[in-house]
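Listed below, chain by chain, are the residues.
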Amino acid sequence: MATLRFNAIKKTFDRKPVEINEVERRSELFGRNVFSKRAMRQYLTSDSYKSVINAIDKGDKIERQLADHISTGMKEWATSKGATHYTHWFQPLTGSTAEKHDAFFETVDDNSAIEKFSGQQLVQQEPDASSLPNGGIRNTFEARGYTAWDPTSPAFIWGTTLCIPTIFIAYTAEALDYKTPLLKSITALDKAATDVVRYFDKKVNKVTATLGWEQEYFLIDSALAASRPDLMISGRTLLGHSPAKGQQLHDHYFGSIPSRALNYMRDLEHECLLLGIPVKTRHNEVAPNQFELAPIFEEVNLAVDHNSLLMHVMEKVAERHNFVVLFHEKPFKGINGSGKHNNWSLATDTGSNLLSPGKTPTKNLSFLTFFVNTIKAVYENEEILRATIASASNDHRLGAGEAPPAIISVFIGSQLTKVLDELEKVTDGKLSPQEKTDLKLNVVGKIPEILLDNTDRNRTSPFAFTGNKFELRAVGSTANCADPMTVLNSIVAKQLIEFKQEVDGLISSKKMKKDDAIFNVLRDYIKKSSKIRFEGDGYGKAWEEEAESRGLSNYRNTPEALKSKISKKAIDLFTQLEIMNETEIKARFDIEIEDYSKHIQIEGRLIGDIARNHVIPTVIKYQNVLIKNVKGLKEIYGKDFKDQAKEQMNIIEAISKHIAHINKNIDQMIDARKKANHIEDPVKRAHLYCDEVKPFFEDIRYHCDKLELLVDDELWPLTKYRELLFTK
Ligand code: ADP
Ligand code: MG
């Protein structure tokens, strides 16, 4: 019997939901372990408090002496809550988070010790992080990089460690993390958007991008997951026959949450609230054992930090509940995968959402300005946006008929389409008073009413307007949101700068009134960007053809898609806005392209090992059982034994044939891997992995899955799909 598998199943059946006591109100828990403004007021002098607030709001530098006060206050707060250590917490380009803990502890002359945390330790650290990816920026013999405090994301306590969000940069100043370019894109967008919003509202001094992510994931019992080397190592199943029942009955989606999973979520939410992650929504997703969690949106830098922190906390809390969390975009073949919708908008310091229409014509013209500029930005840079969602794991999902296609398009709904159609007709040049009144009353003025009944949501669109925000739906569930958000912020910033220049140009050169100039530029933008707008079924073949005729890109895999990251257009975008320099852009590209090859390489080794070490020995065991049976029949029936043994002999032969196919494919795959590994050029290597190594996975899997159906269930060593997906 396949002991590991059956022990795991038994363990899972015996599990009870872990008891959770929710005694405190959520509002009281919220932010308790965060060095929030409230905690700062309590623990900092008013001077140091002010300097932190100015650093957050205006990006002001914090004076040396004040930094010492702040660190002391922070330490007092943290130790009062039981913290013994501190760490600079950052997001290197590995996709996870990094930390190195130091104790609040220093020895002094007289052989005693004190608790200490200096301003210098708060502001800057030098982790020996020479093994983190850097894309060739740092040579290891000079592997110096440092972390620097980001006061815009508050410190928090996790376990007994005070975590200080930081950026991570090389001594030569290049960014080695996700946060640095994100912060720069936030600054660029603030400047560009504030300049534009002041056409409409002079009171605005700051614009921030907001992000509300929706995290999808699977929960699998830890014992079951441990019996699957593919799940444990690559995060997805490389083999496994589809279960008789999958998601076809749609009986899991929004259904009642299974009790073990529910208690996990309650426990998780408790931890999240303590950490100031404003979690709000939880529900079942489409696939069995698939769920979603969404918070209230926040300023984008904080939201990105919170998503990274959340993923870490999810894994930790899962251990307490004997679950493994699967973040992979496609853990199971034939079953929906997971994504991470990024809801994005722009908020002013006066409390207004720039992508939300309002009550006055001015507010609505402001809305239209930001709305149309965003669409134009996406049109002009669709391939750069596509590149940010590319990864080996997201390749399985994009365009697979369950997630947006690899073609970027914008959905705005039929009502707003009508508004844009009207605006396209605006007169070229100065507008007559009659036309302006008409526009303001009947087109711009009607927007809020229109949006109220704008219910036509298109789930197949990768970038959809949903009433007061855009939703980038193509982001993968494993992704760090920073990269797509950096790109979105940057392309919109660039677009708004151009818009301002054009409007100002018309005002000064053609002596146009401001509103006339704005209508004129918007009209042009609507016309120019119309090709990116698509309201139909994004999953269909027809759209692929249509998109091609519109000249939209359709990069089907990561090595192809990533190239747009180092195009001249991308380099100009990031260098002109001072978000990244060319070295940083290329380093990131190198890391991602290498990462792709490594992923496929690991999966290739895994599937080869599992097929040879698990599947083939098992099926030979079963074949021997059959052979014994046939021999026995021959003993009893003599020369007529074939009448009785025909089916068994067919299976014996089928097993041998499948084994032969598997072995042949593995040999060929290994040869293809060897060939790829000998290629110096990382881009060519990634293409070889994609085009020549990866296709073998399907062939090997096909034969293994056929064998799964042939062989005695008792012998099969790998936990089956039905057990992984339907054990709750
Ligand atoms: P859905 O139907 O896609 O689940 P919801 O209305 O529930 O949409 O919102 C999904 C996410 O959008 C939530 O995380 C929410 O906080 C976020 N969201 C709402 N308004 C904004 C905004 N102005 N900016 C960014 N995100 C927002
Ligand atoms: Mg959504």
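Predicted, not measured: the structure shown is a model, and the values here were computed from it.

Novice: Hey, could you go over the site of ligand 1 for me, with residue numbers and the actual values?
Specialist: Among the 13 residues in the neighbourhood of ligand 1, the closest are listed as Thr210, Pro295, Phe297, Asn343 and Arg457. Between ligand 1 and the protein, one listed contact pairs a nitrogen atom with a backbone N or O atom of glycine 212 at 3.4 Å. Out of a free accessible area of 570 Å², ligand 1 has 74% covered by protein chains. Elements represented by at least two residues in the shell around ligand 1 include exactly β9 (207-221) and β14 (340-348). Of the residues that constitute the shell around ligand 1, the class distribution is 4 nonpolar, 5 polar and 4 charged.

Novice: Describe the domain arrangement of the protein chain, with residues and values.
Specialist: Taken domain by domain, the protein chain comprises domain 1 (31-174), domain 2 (186-577) and domain 3 (595-726). The straight-line distance from the C-alpha centre of domain 2 to that of domain 3 is 41 Å. The interface is formed by 35 residues belonging to domain 2 together with 32 residues belonging to domain 3. Taken over both partners, the interface formed by domain 2 and domain 3 buries close to 2900 Å², and the fraction arising from carbon and sulfur atoms is 69%. Three residues, Leu238, Leu239 and His241, lead the burial of domain 2 against domain 3; their summed loss comes to 25% of the area buried on that side. Along the contact surface separating domain 2 from domain 3 lie 2 salt bridges. Notably, a salt bridge pairs glutamate 603 with arginine 236, separated by 2.7 Å at the nearest N-O pair. At the level of secondary structure, the elements contributing two or more residues to the side of domain 2 that touches domain 3 comprise β9, α9 (229-234) and α20 (558-562). When residues in the side of domain 2 that touches domain 3 are grouped by element, the largest group, 5 residues, is from α9.

Novice: Give a detailed account of the nonpolar core, specifying residues and quantitative values.
Specialist: Counting residues in each nonpolar core, the largest one holds 124 residues, and the members touching the most others are Tyr217, Tyr264, Leu368, Phe371 and Leu423. For this core, the two domains that each supply at least three residues are domain 1 (31-174) and domain 2 (186-577). Ignoring anything within four residues of it in the chain, the contact list for leucine 368 reads Val419, Leu420, Leu423, Val444, Ile447 and Leu522. Core analysis: the second largest hydrophobic core is formed by 45 residues, Leu238, Ile600, Ala611 and Ala645 among them.

Novice: For a nonpolar patch on the surface, give the residues involved together with the corresponding values.
Specialist: A cluster of nonpolar residues, Met232, Ile233 and Ile602, forms a patch on the protein surface that exposes about 290 Å² of accessible area. By the element assignment, isoleucine 602 lies in helix α22 (residues 582-637). A residue is classified by how much of its surface remains accessible, and isoleucine 602, at 37% relative accessible area, is partly exposed.

Rules used in this analysis
Residues numbered from 1 in each chain as written. Chains lettered and ligands numbered in written order. Predicted model: local features only at pLDDT ≥ 70, side-chain atom pairs only at ≥ 80, totals over all residues. Heavy atoms only, no water. Near = heavy atom within 4 Å. Polar contact = N/O pair within 3.5 Å; in protein donor to acceptor, adjacent residues only side chain to side chain. Areas by Shrake-Rupley, 256 points an atom, 1.4 Å probe, with all protein chains shown as cover. Helix = DSSP H or I, 4+ residues; strand = E, 2+ residues; numbered from the N terminus. Nonpolar A, V, L, I, M, F, W, Y, C, P; charged D, E, K, R; others polar. Domains from an automatic or database assignment. Contact = heavy atoms within 4.5 Å. Buried area = accessible area lost by both parts, 1.4 Å probe. Salt bridge = Lys/Arg side-chain N within 4 Å of Asp/Glu carboxyl O. Core = buried A, V, L, I, M, F, W, Y, C linked by side-chain atoms within 4.5 Å. Buried < 20%, exposed > 50% of the residue type's maximum accessible area, 1.4 Å probe, protein only. Patch = residues over 30% accessible without salt bridge, like charges linked within 9 Å, V, L, I, M, F, W, Y side chains within 5 Å.

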